[in-house]
There are 2 protein chains.
Amino acid sequence: MLAAGFVWGVVYPYETNFSRITSRLVKRNMADRQKNFLYLKRLGIDTLQEPVVYMRKDCHVCRSEGFNALSRVRVSTDKQSIIATLHQVSEDWLSHQHAGLSEAAWRLLDAEDLQIAHFSHTRPVDSMSFVRGKLYGNPLDQEAIDAVIDDITTGRYSDVQLAAFVTACAGSRLDESEVAGLTRAMVNAGKRIDWGEGLTMDKHCVGGLPGNRTTPIVVAIVTACGLRMPKTSSRAITSPAGTADTMEVLAPVNLSLKQMQQVVEKEGGCIAWGGSVSLSPADDILIRIERALDLDSEGQLVASVLSKKVAAGSTHVLIDIPVGTTAKVRSRSYARRLAKHLHYTGERLGLHLQTYFSDGSQPVGFGIGPALEARDLVAVFNNREHAPTDLKDRALMLAGNLLEMGNRAPEGMGLQVAKQCLESGAAWQKFLAICEAQGGYGEPPVATHTYQVAAENNGVVAYINNRFIAKLAKLAGAPGAAVAGVDFHVKLGQKVSRHTPLFTIHAEARGELEYALEFLNHHPGEIRVEEEGL
Amino acid sequence: MLAAGFVWGVVYPYETNFSRITSRLVKRNMADRQKNFLYLKRLGIDTLQEPVVYMRKDCHVCRSEGFNALSRVRVSTDKQSIIATLHQVSEDWLSHQHAGLSEAAWRLLDAEDLQIAHFSHTRPVDSMSFVRGKLYGNPLDQEAIDAVIDDITTGRYSDVQLAAFVTACAGSRLDESEVAGLTRAMVNAGKRIDWGEGLTMDKHCVGGLPGNRTTPIVVAIVTACGLRMPKTSSRAITSPAGTADTMEVLAPVNLSLKQMQQVVEKEGGCIAWGGSVSLSPADDILIRIERALDLDSEGQLVASVLSKKVAAGSTHVLIDIPVGTTAKVRSRSYARRLAKHLHYTGERLGLHLQTYFSDGSQPVGFGIGPALEARDLVAVFNNREHAPTDLKDRALMLAGNLLEMGNRAPEGMGLQVAKQCLESGAAWQKFLAICEAQGGYGEPPVATHTYQVAAENNGVVAYINNRFIAKLAKLAGAPGAAVAGVDFHVKLGQKVSRHTPLFTIHAEARGELEYALEFLNHHPGEIRVEEEGL
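Residues numbered from 1 in each chain as written. Chains lettered and ligands numbered in written order. Predicted model: local features only at pLDDT ≥ 70, side-chain atom pairs only at ≥ 80, totals over all residues.

A. The overall build of chain A, seen in detail. Counting secondary structure elements, chain A contains 20 helices and 19 strands. Dimensions of chain A, computed from C-alpha atoms along their principal axes, come out at roughly 95 × 50 × 50 Å. Expressed as a percentage of its 534 residues, the buried residues of chain A come to 58%. Contacts in chain A between residues at least 24 apart in sequence constitute 78% of all its contacts with a sequence separation of at least 6. (Helix = DSSP H or I, 4+ residues; strand = E, 2+ residues; numbered from the N terminus. Buried ≥ 20, exposed ≤ 12 C-beta atoms within 10 Å, placed from the backbone. Contact = placed C-beta atoms within 7 Å.)

B. How the structure looks around the domain arrangement of chain A. Domain annotation of chain A identifies domain 1 (23-121), domain 2 (128-188), domain 3 (201-278 + 292-438) and domain 4 (449-530). One C-alpha centre belongs to domain 1 of chain A, the other to domain 4 of chain A, and the line joining them spans 48 Å. (Domains from an automatic or database assignment.)

C. View of the sheet that holds strand 17 (residues 495-496) of chain A. Residue and element names in this part refer to chain A. Spatial ordering of the open sheet is given by 17-15-19, a layout of 3 strands whose pairing is antiparallel. Where the open sheet ends on each side, the last strands, each with one partner, are strand 17 and strand 19 (527-530). Across 4 bridges, strand 15 (residues 459-464) lies against strand 19 in antiparallel orientation. Across the sheet, the residue bridging to Val461 is Val529, located in strand 19. (Pairing = 2+ DSSP bridges.)

D. The interface of chain A and chain B, seen in detail. With 98 residues of chain A at the interface, the matching set in chain B holds 98 residues. No other element matches helix 20 (residues 510-522) of chain A, which puts 9 residues into the side of chain A that touches chain B. Its residues assigned to classes, the side of chain A that touches chain B shows 49 nonpolar, 31 polar and 18 charged. In this sheet, strand 1 (residues 37-46) of chain B lies alongside strand 5 (residues 81-89) of chain A in antiparallel orientation, the contact comprising 2 bridges. Opposite Val89 of chain A, over in strand 1 of chain B, you have Ile45 of chain B as the bridge partner. (Nonpolar A, V, L, I, M, F, W, Y, C, P; charged D, E, K, R; others polar.)

E. Structural view of the environment of Trp106 of chain A. Tracing the chain through its elements places Trp106 of chain A in helix 4 (residues 103-109). With 54 residues separating them in the primary sequence, Trp106 of chain A and Val52 of chain A have C-alpha atoms 9.0 Å apart.

F. Quick peek at the relation of the copies chain A and chain B. Superposition of chain A onto chain B requires a rotation of 180 degrees combined with a translation of 0.0 Å along the rotation axis, giving an RMSD of 0.1 Å. The transformation relating the two chain copies, once decomposed into turn and shift, fits a two-fold axis. Comparing interface residues between copies, 100% of those in chain A also sit at the interface in chain B, which points to an isologous, same-surface contact. (Least-squares fit on C-alpha atoms with pLDDT ≥ 70 in both.)

G. Representation of the pairing of strand 18 (residues 501-507) of chain A in the model. Residues and elements named next belong to chain A. The buried fraction of strand 18 is high, at 6 of 7 residues. As paired strands, strand 14 (residues 449-454) and strand 18 are joined by 6 bridges and run antiparallel to one another. Among the inter-strand pairings, Gln452 is bridged to a residue of strand 18, identified as Thr504. Pairing of strand 16 (residues 485-488) with strand 18, which is carried by 4 bridges, proceeds in the antiparallel orientation. Note on strand 18: the bridge partner recorded for Phe488 is Phe503.

H. Examining the environment of His449 of chain B more closely. Residue and element names in this part refer to chain B. Relative to the helices and strands, His449 resides in strand 13 (residues 449-454). Take His449: there are 26 C-beta atoms within 10 Å of it, and that puts it in the buried class. For the pair His449 and Glu514, spaced 65 residues apart in the sequence, the C-alpha separation amounts to 9.9 Å.

I. Local environment of helix 6 (residues 142-153) of chain B. All names here are of chain B. Helix length check: helix 6, at 12 residues, gives a terminal C-alpha distance of 16 Å against a target of 16 Å (1.5 Å per residue), a fit within 8%. Three or more residues of helix 6 are buried, namely Ala144, Ile145, Val148, Ile149, Asp151, Ile152 and Thr153. Summarising the contacts, the buried residues of helix 6 are in contact with helix 5 (128-135), helix 7 (159-168), helix 8 (176-188) and helix 12 (281-293). Gly155, located one to two residues past helix 6, shows a positive phi value of around 75 degrees. (Expected span 1.5 Å × (residues − 1).)

J. Just the nonpolar core, in detail. The biggest cluster of nonpolar side chains holds 297 residues, and the ones touching the most others in it are Ile221, Val222 and Ala476 of chain A together with Ile221, Val222, Ala476 and Ala516 of chain B. Counting 62 residues, the second largest nonpolar core, distinct from the first, contains Val53, Tyr54 and Ala111 of chain A together with Ala105 of chain B. (Core = buried A, V, L, I, M, F, W, Y, C linked by C-beta atoms within 7 Å.)

K. A look at the packing of helix 6 of chain B against helix 8 of chain B. All names here are of chain B. Closest axis-to-axis distance for the helix 6/helix 8 pair is 9 Å, and the angle between their directions is 40 degrees. Accordingly, the angle class assigned to the pair helix 6 and helix 8 is oblique. The two elements helix 6 and helix 8 meet at a crossing, and its hand is right-handed. Mapping the contact onto sequence places Gln142, Ile145, Asp146 and Ile149 in helix 6 and Gly181, Leu182, Arg184, Ala185 and Met186 in helix 8. Broken down by class, the residue content of the contact of helix 6 with helix 8 amounts to 5 nonpolar, 2 polar and 2 charged. (Axes fitted to C-alpha atoms, helices over the stretch in contact; angles between N-to-C directions. Parallel < 35°, antiparallel > 145°, perpendicular 65-115°, else oblique. Left-handed = near helix turned anticlockwise from the far one by under 90°.)

L. Quick peek at unusual backbone geometry. In this model, Ala478 of chain A is joined to Pro479 of chain A through a cis peptide bond whose omega is 0 degrees. If you trace the backbone, Pro479 of chain A turns up in the loop between helix 19 (466-475) and strand 16. In this structure, Leu70 of chain B takes a positive phi of about 70 degrees despite not being glycine. Its place among the elements puts Leu70 of chain B in the loop between helix 3 (60-65) and strand 3 (72-76). Take Leu70 of chain B: there are 22 C-beta atoms within 10 Å of it, and that puts it in the buried class.

M. Quick look at the sheet that holds strand 10 (residues 316-323) of chain B. Residue and element names in this part refer to chain B. The strand order 7-10-11 describes an open sheet built from 3 strands, whose pairing is parallel. Edge strands, defined here as strands with exactly one partner in the open sheet, are strand 7 (201-205) and strand 11 (352-359). Taken over all neighbouring pairs, the strand axes of this sheet differ in orientation by 20 degrees on average, direction set aside. Direction of pairing for strand 10 relative to strand 11: parallel, over a ladder of 8 bridges. Residue pairing for strand 11: Ile319 is matched across the bridge by Thr355. Contacts from helix 14 (residues 332-348) reach strand 10 and strand 11, with the element oriented near 165 degrees to strand 10.

N. Region of the structure containing the packing of helix 8 (residues 176-188) of chain A against helix 13 (residues 298-311) of chain A. All names here are of chain A. Across the interface, helix 8 lies against helix 13 with an axial gap of 8 Å and an inter-helix angle of 40 degrees. If you check the angle between helix 8 and helix 13, you find them oblique. Remark: the crossing between helix 8 and helix 13 carries right-handed chirality. Across the interface between the two elements, Glu178, Val179, Leu182, Thr183, Met186 and Val187 of helix 8 pack against Gly299, Val302, Ala303, Leu306, Ser307, Val310 and Ala311 of helix 13. Here the contact of helix 8 with helix 13 is composed, by residue class, of 9 nonpolar, 3 polar and 1 charged.

O. Local environment of helix 17 (residues 414-423) of chain A. All names here are of chain A. Looking at helix 17, one finds that the buried residues are Gly414, Ala418, Cys421 and Leu422. Buried positions in helix 17, seen along its axis, are confined to an arc of 95 degrees and lie on one side of it. The inward-facing, buried residues of helix 17 abut helix 9 (215-224), helix 16 (389-405) and helix 18 (426-438). A positive phi of about 90 degrees marks Gly425, the residue just after helix 17. (Arc of directions from axis to C-beta.)

P. Looking closely at the confidence of the model for chain A. All names here are of chain A. Across chain A, the average pLDDT comes to 88, with 93% of residues at 70 or higher. Low pLDDT (under 50) marks residues 1-34, which in the prediction has 57 contacts with non-local residues, meaning those over four places away or in another chain. Complex prediction metrics read pTM 0.78 and ipTM 0.76. (pLDDT = per-residue confidence, 0-100.)

Q. Focus on the environment of Ile221 of chain B. All names here are of chain B. Assignment of secondary structure puts Ile221 in helix 9 (residues 215-224). Of the residues examined, Ile221 has 31 C-beta atoms within 10 Å and is grouped as buried. Separated by 200 residues in sequence, Ile221 and Cys421 place their C-alpha atoms 6.2 Å apart. Apart from residues lying up to four places away in sequence, Ile221 is in contact with Ala399, Ala418, Cys421, Leu422 and Ala427.

The following block contains the structure:
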């Protein structure tokens with residue numbers, strides 16, 4: 001009969017010869033604890049989003065708390081409290097009275113110079129046991145996912161732990177109900193916008209197709225036709241530019257929730273960065289790690305996309321899935337699996353969702369990289385002669401679909417209504433008005449370092465590897481440097497002669513251009529011109 | 001007929017209006033590149049093993065190379081070259097002419113103050129594609145594992161990438177041939193010792209049983225009986241002490257390969273830290289990440305253990321697998337699966353291997369933590385009255401087995417021969433001689449902060465949670481602080497009265513003791529005294 005046994009529970013302070021610490025320690029009063037402080041110092045160290053605190057290894061706080069290198073430490077001021085990773089310092093550039101903070105820690109703590117801060121151990125991150133359980137085959141139920149996402153959102157996971165979670169969910173390791181659970185947890189962890197009565201349209205492209213920047217055109221057309229479309233976009237994960245990166249070239253995108261609401265109230269739509277309105281803060285943290293790992297998994301993809309849609313208050317969502325051998329979605333069967341996941345989770349979260357499989361065989365438009373893509377957008381909006389027709393056609397197709405979903409065009413007539421709106425200049429006027437409301441329109445800048453690559457032979461452009469092009473643009477500096485990227489002068493199937501320019505690499509810094517060229521030289525055959533008739 | 005087509009390959013320098021950079025850039029001479037240097041500065045920042053370089057965001061190197069926060073950067077002096085993670089600095093404590101280095105970077109680069117260093121981008125880590133492939137279900141063949149382990153050993157993986165690899169291999173995700181492949185790759189990545197003619201004995205305990213520190217006793221007995229036993233041990237992964245941590249309390253364990261060989265030549269055996277002789281450098285890097293994740297996976301466990309055995313030149317290996325509900329190996333079925341993996345990989349790598357399942361229901365000895373375990377060892381060696389009999393019995397059983405494997409005792413007589421060797425004092429003399437050869441024997445130190453916990457009721461010690469005890473010892477500071485840990489005064493099944501001391505927590509710092517006590521208070525029922533007969 002074990003159950004009825006007496007259970008030992010409370011600490012009993014039993015004094016012995018060895019014990020120099022008695023119950024005083026446990027009851028140690030607050031005045032005593034108050035001694036455990038240091039003065040904060042901004043070190044201006046950029047560690048991206050990971051908060052880091054720097055302390056002398058032999059300062060009184062490290063000694064009394066028993067902190068070690070890479071300890072996870074709670075840093076508290078009288079206003080805020082964060083968890084940071086400890087980097088211990090043993091040289092004199094940091095004094096024993098100071099605790100240095102990285103930029104992320106400084107920002108999160110909203111700190112002031114020489115402000116007093118207290119330091120303590122953090123409890124072990126209990127939800128990591130669910131991540132370990134998942135690795136051993138236990139599914140993640142809603143309670144487990146909620147605990148993990150809550151700990152991630154409050155900054156309790158270190159980068160290494162975040163990497164373990166991302167990896168544990170990678171491949172096809174999350175089932176439908178786990179993906180829906182993850183999506184729900186991500187929505188609950190952030191703000192949620194209520195647009196009131198009526199439909200709220202939204203679109204998303206699964207990505208992997210360089211230059212596929214239809215969103216600004218679609219939003220302009222759909223809102224010009226009287227529908228509400230408050231679009232929040234993400235920055236690049238593993239690509240050379242996300243829609244937010246490209247849009248930022250033309251207008252500010254870091255809108256607060258309030259600013260976004262004002263823009264939508266005025267113009268019916270916006271194109272803002274989702275992260276700055278905390279729609280899915282957990283997702284923004286995970287995206288940084290996915291980027292470092294170049295890993296963008298199925299389950300997290302669905303959760304990332306749909307959590308932002310639900311949090312943004314969308315009711316009708318169109319998802320563009322480009323399919324191509326070198327696109328993110330390589331096969332029709334994977335596209336169907338992804339669509340199934342999207343429909344399942346969308347339904348569970350109350351969305352009207354449509355998926356659309358598009359051609360993913362080559363880059364869209366000419367430019368790849370924020371500024372170059374922005375230039376293509378402006379050309380399409382203004383119906384310029386050399387504007388990329390593929391970008392225009394894709395945007396019209398999507399806008400047409402949304403107009404039909406929102407009952408602004410009869411079935412089968414959406415494309416025609418969208419085309420009329422764009423070619424009449426109404427969409428461009430609406431786009432300029434949105435930019436103005438977001439903080440002002442600006443022309444795309446141009447790179448100072450460029451390098452043009454030409455065909456070596458007469459022939460036909462036979463093969464373009466999207467992944468290679470994306471990597472090349474990233475090595476040239478995109479999206480960190482807005483002007484960086486790759487500018488195509490040809491399309492698949494186009495006839496070229498020897499010396500015909502194929503593409504130009506753009507970079508902000510010489511080192512980056514050089515690095516991209518080195519990569520190009522080491523990978524021949526990723527863009528191929530082949531003789532006709534062979 | 002695509003195959004016969006002309007393939008575009010080399011960069012063709014085609015000049016246009018946009019091109020400000022021409023072929024000069026590609027052929028940029030060395031003198032030009034030499035400008036890209038900074039003076040190294042030791043910042044004394046402890047980031048454990050991750051090399052970090054600190055540069056001003058706006059220094060000429062960051063600008064010309066286009067480095068970003070967390071870029072992976074190659075740092076080269078005229079002697080050495082390493083890969084480090086970049087933390088960019090925007091405050092004046094670091095000058096534009098200096099590049100600061102973390103301790104790990106300083107050590108790896110063998111740097112000197114104000115030494116000149118050059119900086120360049122690193123190529124993307126190609127072998128990460130194998131890790132991503134594994135996540136999508138592609139098995140890791142030998143070529144893939146070799147590439148991954150080679151990149152890890154040369155420091156090309158960031159912590160986040162290491163975490164992804166560890167996680168991708170966790171659970172039961174490596175099959176037999178992948179585990180053997182991983183083991184082989186780890187052996188090839190480090191040094192390998194050749195002991196020449198004759199048998200070389202070795203043992204390993206799979207761990208998870210606090211205080212199970214049989215190794216020093218086993219080595220002393222086996223070598224005293226004339227066998228060669230050059231033992232390399234690891235430090236703690238997720239436990240409060242590894243054998244190397246405990247042994248370090250009594251004698252130096254950071255032996256170079258040469259020092260180790262001298263000790264073995266003189267005494268027939270040693271107890272050294274495996275990491276300092278680079279026997280499996282990849283494993284030492286992975287262990288740090290496994291510790292941060294509290295993750296110790298099956299495949300990596302086998303590879304970690306056996307790679308060190310093969311690299312250490314062992315021919316005969318006995319593996320102790322303690323089985324218990326709160327030990328690392330919780331069930332007989334898991335123990336059998338692990339043994340199967342060990343035998344499979346051992347055979348592929350040419351080892352004579354035996355596995356031994358032992359009782360894993362409670363901690364071994366009294367002390368848990370380096371110094372407390374060392375104290376228990378000394379008591380057993382000296383046949384003291386209160387020496388822990390369970391530790392003694394386990395050590396004798398293992399030593400007996402090894403004596404039989406090495407033909408120093410007839411079958412079934414090993415235990416008796418071992419017992420005689422220990423109780424006669426021959427093993428203690430041999431142990432002291434080994435300590436002397438390793439650099440000198442020292443008595444275990446004692447903690448300044450202790451706290452004793454007593455029973456609240458009369459009854460019998462009915463339950464001890466090994467994992468809880470291990471965590472408690474770690475929170476008290478073990479193994480970082482050698483004196484820290486938990487000292488048991490009772491064993492399972494022992495009768496106790498109200499106020500009988502159950503265990504004492506030892507700590508080096510007050511903060512750590514307090515933290516352990518807080519944890520204890522929040523987790524009642526993990527050590528239970530229950531009334532008899534209930």
